Amino acid sequence: MGVGQHRQSKSRVRKRRAMWKLTAPNHIECPQCHKPKLAHHICPSCGYYKAKEVISMGE
């Protein structure tokens, strides 16, 4: 198992950790009701997924 021989500076460590940020989930427009929804998920407002009704929403 490798052992580090020298201490890494704060700037070097912080540069490496700068890419650890979270990204917000992308929303797309539902083709049925045109409301925002998560990609590859059932639309929570109309219940459709890939032009098929998966959940019947009582209206």
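Here's what I pulled together on the structure shown here.

Conventions adopted
Residue numbers run consecutively from 1 along every chain, following the written order of its sequence. Local features in this predicted model are restricted to residues whose pLDDT is 70 or higher, and side-chain atom pairs enter the listing and the counts only when it is 80 or higher, whereas totals over whole chains, interfaces and linings include all residues. Processing note: side-chain calculations cover all non-hydrogen atoms of the structure and skip hydrogens and water entirely. Think of it this way: any DSSP run of H or I at least four residues long counts as a helix, any run of E at least two long counts as a strand, and we number them from the N terminus. Within these notes, the globule rule equals 2.2 Å times the number of residues to the 0.38 power, and the radius of gyration is based on C-alpha atoms. By definition, residues are in contact when any of their heavy atoms lie within 4.5 Å. Per-residue and other accessible areas were derived by the Shrake-Rupley procedure at a 1.4 Å probe size, with only the shown protein chains allowed to occlude residues. Each residue is placed in one exposure class: buried if its accessible area under a 1.4 Å probe, protein chains only, is under 20% of its type's maximum, exposed if it is over 50%, and partly exposed if it falls in between. Lys and Arg are tallied as positive, Asp and Glu as negative. Neither His nor the chain termini are counted. Each salt bridge in this description consists of a side-chain nitrogen of Lys or Arg and a carboxyl oxygen of Asp or Glu lying within 4 Å of one another. In protein, a polar contact means a hydrogen-donor-capable atom and an acceptor-capable atom, both N or O and within 3.5 Å, with residues adjacent in sequence counting only if both atoms are side-chain atoms; elsewhere, any N or O pair within 3.5 Å suffices.

Let's talk about the overall build of the chain
- Tallying secondary structure elements over the chain gives one helix and four strands in all.
- Secondary structure elements of the chain, listed N to C terminal, follow the sequence α-β-β-β-β.
- Computed over the C-alpha atoms, the radius of gyration of the chain is 22 Å, more than 25% above the 10 Å expected from 2.2 N^0.38 for a compact globule of 59 residues.
- If you take every contact in the chain between residues at least 6 apart in sequence, the share linking residues at least 24 apart comes to 0%.
- Total accessible area computed for the chain in this model is approximately 5900 Å², and 55% of it derives from carbon and sulfur atoms.

Topic: the side chain of Lys 37
- In this structure, Lys 37 sits in strand β2 (residues 36-38).
- No salt bridge is formed by the buried Lys 37, whose closest oppositely charged neighbour, Glu 29, lies at an N-O distance of 11 Å.
- A distance of 2.9 Å separates a polar side-chain atom of Lys 37 from the backbone oxygen of His 41.
- Setting aside residues no more than four positions away along its own chain, Lys 37 makes contact with Asn 26, His 27, Ile 28, Cys 30, Cys 43 and Pro 44.

With respect to unusual backbone geometry
- Residue His 34 is not a glycine yet carries a positive backbone phi of 60°.
- Positioned with a positive phi, Lys 50 is a non-glycine residue whose angle comes to about 55°.
- Relative to the assigned elements, Lys 50 resides in the loop between β3 (48-49) and β4 (52-53).
- Looking at Lys 50, the relative accessible area reads 67%, which means it is exposed.

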